[in-house]
Amino acid sequence: MSRAALLVLADGRFPAGGHAHSGGAEAAVKAGRITDAATLEEFCRGRLHTAGLVAGALAAAAALGADPGELDAAADARTPSPALRTAARRLGRQLLRAARSTWPSSELDALAREFPKGAHQPVVLGLAARAAGLGPEDAAHCAAYESVSGPATATVRLLSLDPFDATGALARLAPELDRVADRAVAAARRVRAEGADALPAASGPLLEVGAEWHAAWPVRLFAS
Amino acid sequence: MHLGHTHDGPAAVSADARRPDGTRRALRVGLGGPVGSGKTATVAALCRALRAELSLAVVTNDIYTREDAEFLLREAVLPPERISAVETGACPHTAIRDDISANLEAVEDLEDTVGPLDLILVESGGDNLTATFSKGLVDAQIFVIDVAGGDDIPRKGGPGVTTADLLVVNKTDLAPYVGSDLARMSADAREQRAGLPVVFQSLRGGDGVADVAAWVRGRLAAWTA
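Being a predicted model, the structure only gives us computed values, none of them experimental.

(A) Quick peek at the overall build of chain B. A count of helical and extended segments in chain B gives nine helices and seven strands. At 17 Å, chain B has a C-alpha radius of gyration in line with the 17 Å of a compact globule built from 225 residues. Looking at chain B residue by residue over its 225 residues, the buried ones come to 55%. Contacts spanning at least 24 positions in sequence make up 76% of the contacts within chain B whose residues lie at least 6 apart. For chain B, the computed accessible surface area is about 9200 Å², with 51% contributed by carbon and sulfur atoms.

(B) Quick peek at the nonpolar core. Of all hydrophobic cores here, the largest spans 67 residues; its most connected members are Leu 9, Leu 71 and Leu 199 of chain A. Examining the composition of this core, we find that 14 residues originate from one element, helix α3 (residues 37-63) of chain A, more than from any other. When residues no more than four places from it in sequence are discounted, the contact partners of Leu 9 of chain A are Phe 14, Trp 103, Leu 125, Ala 128, Ala 129, Leu 134 and Cys 142 of chain A. If you look at the next biggest cluster of nonpolar residues, it comprises 32 residues, including Ala 69, Val 168, Val 216 and Leu 220 of chain B.

(C) Molecular detail of the interface of chain A and chain B. Opposite the 25 residues of chain A that make contact, chain B presents 30 residues. Considering only the surface of chain A that becomes buried against chain B, His 19, Arg 97 and Arg 113 of chain A emerge as the three largest contributors, covering 29% of it. Viewed at the interface, chain B and chain A are joined by six salt bridges. Note that Lys 117 of chain A and Asp 112 of chain B form a salt bridge whose closest N and O atoms lie 3.8 Å from each other. In this assembly, chain A and chain B are joined by eight residue pairs in polar contact (both at pLDDT 80 or more). Counting residues per element, the ones that place at least two in the side of chain A that touches chain B are α5 (82-102) and α6 (106-114) of chain A. Among the elements that make up the side of chain A that touches chain B, the one with the highest residue count is α5 of chain A (six residues). Its residues assigned to classes, the side of chain A that touches chain B comprises eleven nonpolar, five polar and nine charged.

(D) Spotlight on α3 of chain A. All names here are of chain A. With 27 residues, α3 ought to run about 39 Å at 1.5 Å a step, yet its terminal C-alpha atoms sit only 33 Å apart, falling short of that. Taken as a whole, α3 carries its principal kink of about 40 degrees at Leu 48. For α3, the buried fraction is high: 20 of the 27 residues fall into the buried class. Two to three positions downstream of the cap, the backbone nitrogen of Ala 38 sits 3.3 Å from a side-chain oxygen, assigning the N-cap of α3 to Asp 36. Backbone geometry just after α3 places Gly 65 at a positive phi near 100 degrees.

(E) Representation of the packing of aromatic side chains within the structure. Residue and element names in this part refer to chain A. Counted by the stated rule, this structure contains two aromatic pairs over all chains. Both rings, one in Phe 14 and one in Trp 103, keep their centres 5.7 Å apart while their planes meet at 15 degrees; by these two values the pair is stacked. Residue Phe 14 is located in the loop between α1 (3-10) and α2 (25-30), and its partner Trp 103 is located in the loop between α5 and α6; the two are separated by 89 residues in the primary sequence. Considered together, Phe 14 and Trp 103 belong to a single accessibility category, that of buried residues. Taking the centre distance of 4.9 Å and the plane angle of 90 degrees together, the rings of Trp 213 and Trp 217 count as edge-to-face. Take Trp 213: its relative accessible area is 39%, and that puts it in the partly exposed class. Over the ring of Trp 217 we find Lys 30; its NZ or CZ atom is 4.0 Å from the centre of that ring.

(F) Structural detail: the UniProt feature "domain: CobW/HypB/UreG nucleotide-binding" (unreviewed entry) in chain B. Under the feature "domain: CobW/HypB/UreG nucleotide-binding" (unreviewed entry), the UniProt entry names residues 29-199 of chain B. Helix makes up 39% of residues 29-199 of chain B and strand 20%, and the two end C-alpha atoms of the span are 16 Å apart.

(G) Examining the UniProt feature "binding site: GTP" (unreviewed entry) in chain B more closely. Residue and element names in this part refer to chain B. As recorded in UniProt, the sites labelled "binding site: GTP" (unreviewed entry) are Gly 33, Pro 34, Val 35, Gly 36, Ser 37, Gly 38, Lys 39 and Thr 40. Mapped onto the fold, Gly 36 is located in the loop between β1 (27-32) and α1 (39-50). For Gly 36, a relative accessible area of 47% gives the class partly exposed. Each residue touching Gly 36, except ones within four places of it in the same chain, is listed here: Asp 146 and Lys 171. By the element assignment, Thr 40 lies in helix α1. When its relative accessible area of 13% is taken as the criterion, Thr 40 is described as buried. In this structure, Thr 40 is in contact with Asp 68, Phe 71, Leu 72 and Glu 123, ignoring residues within four places of it in sequence.

Here is what the cut-offs are and how they apply
- Residues numbered from 1 in each chain as written.
- Chains lettered and ligands numbered in written order.
- Predicted model: local features only at pLDDT ≥ 70, side-chain atom pairs only at ≥ 80, totals over all residues.
- Heavy atoms only, no water.
- Helix = DSSP H or I, 4+ residues; strand = E, 2+ residues; numbered from the N terminus.
- Rg over C-alpha atoms; globule rule 2.2 N^0.38 Å.
- Buried < 20%, exposed > 50% of the residue type's maximum accessible area, 1.4 Å probe, protein only.
- Contact = heavy atoms within 4.5 Å.
- Areas by Shrake-Rupley, 256 points an atom, 1.4 Å probe, with all protein chains shown as cover.
- Core = buried A, V, L, I, M, F, W, Y, C linked by side-chain atoms within 4.5 Å.
- Buried area = accessible area lost by both parts, 1.4 Å probe.
- Salt bridge = Lys/Arg side-chain N within 4 Å of Asp/Glu carboxyl O.
- Polar contact = N/O pair within 3.5 Å; in protein donor to acceptor, adjacent residues only side chain to side chain.
- Nonpolar A, V, L, I, M, F, W, Y, C, P; charged D, E, K, R; others polar.
- Expected span 1.5 Å × (residues − 1).
- Bend = angle between axes of the 7 residues up to and from the residue.
- Phe/Tyr/Trp six-rings, centres within 6.5 Å; stacked < 30°, edge-to-face > 60°.
- Lys NZ or Arg CZ within 6 Å of the ring centre and 35° of its normal.
- UniProt positions renumbered as here; feature names shortened; annotations may be inferred.

Dropping the structure here:
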């Protein structure tokens, strides 16, 4: 296992399409739910414990070698918003392209054949971690971190927020993020015996509602 | 026809010249440049000039709207299924240079759905003078500036002006009204570009987009040779 490989995969500049997505922050800013660093931190906390936990568990399960098709169906079942399912598949397809080029692997090639238009991003992330020689803890941490780093960087652009304040919010969430990743991995380890139903199914209704609202805007900065 | 159903291999990764089924993919030409310099107008004119002889498609990278794609649709330069819009998350240069995945998907999906294609034009969102396309996305790039943006732009240089395969100085018809010195722009551009070509054009008269279209035909001939 390589710690440096984790840095490559988790790098915000890893070219997998995430820069065009706000993780729900654009809708939350427009709705007045994110107005400053404090409300950004609360938004991220909510996302971490819902979408972040689910994504972390899916990624950890994929890293452990669970069937990607079953995990993708589980992700669908946990994502009520069609717009979010589309965004997750699009990001999954983009991550798969980057990962196949970065860490060539027969498992990633097989995933590309099975899902030519993309599997859910956390599933791809878990398999990418596996291809990079990383474990389920790494995959869960990556997914959970992405669930908050995306909205934080997007909010810097959307509100011209002080970037130091946004980064400080992420740092304060770090201990919680570790615990969410632990829970995600614990759930993922049960998948082999119990199937994908063992994965958490937390969701943030406002994230789902906001995503549908956002997808209908004619003018927006971010794709989701 | 979709990847994975009819082909043995998974989808292509990056700038591979061959598609998964072994056929040669379309030539990809990027058009970048500052806001308002005439990128979309040049794309529209190129489509009109080339659509009778080539199978072509366009990818637009609007910064926050679908305006560019909708302009091309409204002008009916191509059927709607041949125009695809990529959303760029407030960073147009990222989508064409640092993280090209969404644009690669768009060009590959166009080839899948309306192909075979000879040429795909990838238009950047209006950006700054440092914005260039990744070689993983396009085979050649055109940088479009205009005389009204200041006749010192060629002298200032920057990656777009100095390294683009073709520099287009647009709206030459406006030069007398904005006090731009075309001879100076031409001399500065020649000095910055070490022999790379420069086209001065006005889409409101004269030969219009003819020089740029001829350059594209030349690139296409080299690509398919």
